[in-house]
Amino acid sequence: EAVGRMLKALEKRGEEGERGERVVVMTGAGISTSAGIPDFRSPTTGLYANLARLNLPYAEAVFDIAYFRNNPLPFYTLAQELYPGKYRPTITHSFIRLLHDKGILLKLFTQNIDCLEREAGVPGDKIVEAHGSFARQSCIECKTAYPEQGMKDAIREKRVPRCVDKACNGLVKPEIVFFGEQLPAEFFANRDLPTQAHLCIVMGTSLSVQPFAGLPALCREETPRVLLNMEQVGGIGSRPDDVLVLGDCDAGVRKLAEAAGWLEELEALWAR
Ligand code: OAD
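This structure is a prediction, so every number in the text was calculated from the model and none was measured. (Residues numbered from 1 in each chain as written. Predicted model: local features only at pLDDT ≥ 70, side-chain atom pairs only at ≥ 80, totals over all residues.)

1. A short note on the site of the ligand
Item 1. In the vicinity of the ligand lie 27 residues, with G28, G30, D39, S206 and M230 positioned nearest.
Item 2. Class assignment for the residues of the shell around the ligand results in nine nonpolar, 13 polar and five charged. (Near = placed C-beta within 6 Å. Nonpolar A, V, L, I, M, F, W, Y, C, P; charged D, E, K, R; others polar.)

2. Side note on the domain arrangement of the chain
Item 1. Splitting the chain by domain gives domain 1 (2–36 + 89–131 + 184–271) and domain 2 (47–85 + 134–176).
Item 2. Computed from C-alpha atoms alone, the centre-to-centre distance between domain 1 and domain 2 is 30 Å.
Item 3. Contact with domain 1, which involves four residues of that partner, is made by four residues of domain 2.
Item 4. Taken together, the residues of the side of domain 1 that touches domain 2 sort by class into two nonpolar, one polar and one charged. (Domains from an automatic or database assignment. Contact = placed C-beta atoms within 7 Å.)

3. Focus: the environment of A66
Item 1. Summarising the element assignment, A66 is placed in helix α2 (residues 65–70).
Item 2. Residue classification places A66 among the exposed positions, given that 10 C-beta atoms sit within 10 Å.
Item 3. In this structure the C-alpha to C-alpha distance between A66 and E1, which are 65 residues apart in sequence, comes to 47 Å. (Helix = DSSP H or I, 4+ residues; strand = E, 2+ residues; numbered from the N terminus. Buried ≥ 20, exposed ≤ 12 C-beta atoms within 10 Å, placed from the backbone.)

4. Digging into the UniProt feature "binding site: Zn(2+)" (unreviewed entry) in the chain
Item 1. As recorded in UniProt, the sites labelled "binding site: Zn(2+)" (unreviewed entry) are C139, C142, C163 and C168. A maximum C-alpha distance of 8.9 Å places the annotated residues, which cover 30 residues in sequence, within one compact spot.
Item 2. Mapped onto the secondary structure, C142 falls in the loop between β4 (132–139) and α6 (148–156).
Item 3. Residue C142 is classed as partly exposed on the basis of its C-beta count, with 13 C-beta atoms lying within 10 Å.
Item 4. If near-sequence neighbours (up to four positions away) are discounted, C142 is found in contact with C163, D165, C168 and G170.
Item 5. Other than its neighbours up to four places away in sequence, C163 contacts C139, E141, C142, T144, C168, N169, G170 and V172. (UniProt positions renumbered as here; feature names shortened; annotations may be inferred.)

5. Some points on the pairing of strand β5 (residues 172–176)
Item 1. Here β5 lies mainly inside the structure; four of its five residues are buried.
Item 2. Sheet topology places β4 next to β5; four bridges connect them, and they run antiparallel. Each residue of the ladder has a partner; that of C139, found in β5, is V172. (Pairing = 2+ DSSP bridges.)

6. Some words on helix α4 (residues 91–101)
Item 1. Counting buried residues along α4, 10 of its 11 residues qualify, which places the element largely inside the surrounding structure.
Item 2. Three or more residues of α4 are buried, namely I91, T92, H93, S94, F95, I96, R97, L98, L99 and H100.
Item 3. Check the buried side of α4 and you find it contacts β1 (23–27), β2 (105–110), α5 (116–119), β6 (199–203), α9 (249–260) and α10 (263–271).
Item 4. Immediately downstream of α4, the backbone of G103 shows phi near 75°, a positive value.

7. Side note on the sheet that holds strand β7 (residues 225–229)
Item 1. Pairing within the open sheet is parallel, and its six strands lie in the order β3-β2-β1-β6-β7-β8. The outermost strands of the open sheet, each flanked by one partner alone, are β3 (127–129) and β8 (243–246). Averaged over all neighbouring strand pairs, the angle between strand axes comes to 15°, with direction disregarded.
Item 2. Summarising the sheet, β1 and β6 pair through five bridges and their orientation is parallel. In the sheet register, V23 faces β6, and the bridge partner there is L199.
Item 3. Relative to the sheet, α9 contacts β6, β7 and β8, its axis offset from that of β7 by approximately 140°. (Axes fitted to C-alpha atoms, helices over the stretch in contact; angles between N-to-C directions.)

8. Some points on the UniProt feature "active site" (unreviewed entry) in the chain
Item 1. Sequence positions flagged by UniProt for "active site" (unreviewed entry) are, in local numbering, H131.
Item 2. Along the chain, the position of H131 falls in the loop between β3 and β4.
Item 3. If sequence neighbours within four positions are ignored, H131 has contacts with Q111, I113, I176 and V177.

Right, here's the structure in full:
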C-alpha cells in the first residue's frame, strides 16, 4: 500500500511539472521465466541445472571467456535457445513500460539479454543492458564487428564463427558479457543513478553477480527498496524502509499497480 501511494505521488509530481523520474528498476532472469525463458540459478528449472549435456567442468563455464577461448562450442550449442525473438514480454515488463509512460522511470538496469524490455516498449535510452545483448557481435581478439546475418546463420547451424579478418581468425561471439569480461561503458556511466532515486524496485534476480549486485546498496538510506522475487536476496530487507514482496513478480507488480490505482491500465497495456 505504501509503495502504491509513493508511485501515485511521484506520478502527481511529474504531472505538476516537477521532475518525476525517480524510480530506478533493477532486473534479472526471473522477470522472464513466465515468458518461457529459464533463469540461471533456480534449483531444477534454471539453465545451470540443465547443462549436463554440454559436459562442462562447471555450469557457469558456458559464459566464461577463458573457457570459451578453448571451447566455444557449448555456448554455440546453447545460443539458439537464448537468441531473442521468439518470446513475448511478461506483465512485469509491461509494468516497467508503465512506469515510463507515467513519467517516473529514471532508469532500468537489466542483466537480461532477451531484449523483452525493449519489446514491451521501454525506450532504449532508459535501459542499461548491464550484461550486453545479442544486438552486436565481434571478434574476441581484435574486436572487429561481425555481420548480424552471419551470426544468425552460425547460431542456427550451431557453428562457431571466426573473425572476418582472415589474418586474425579469432573467435567471434555476441556482445553479451561473459564472466571475466568488463561490463559495457554504459553501465559505469550510469551506475551512480541509484543515488538519485526516490524509489528502487528490484525484480527477478538472485543479485549474485557483481558489480550489478552492488547497485541496490548505492541507493540512499532513506530510499525505499522494494524486492519482488521468489526469495529474499542481496540483503534487501536489512534497511528499515525496505519492502519485501516475496513470490511471483507478475503477481507482485499487479499488487503494486492495484495499490497505485493502475491495475486496469497495466492489464490493458500488457494485453495489447
Ligand atoms: P538468477 O537465475 O541467478 O536469479 C533469478 C532470480 O529470480 C532467483 O532469485 C529466482 O528465485 C527468481 N525468480 C525466478 N522466477 C521468478 C518469478 N516468476 N518471479 C519472481 N522471481 C523469480 O538470474 P540473474 O540474477 O539474472 O550473467 O543472474 C545474474 C547473471 O548470472 C545473469 O545475467 C547471467 C548469469 O550468469 C551472465 O551470463 C554474464
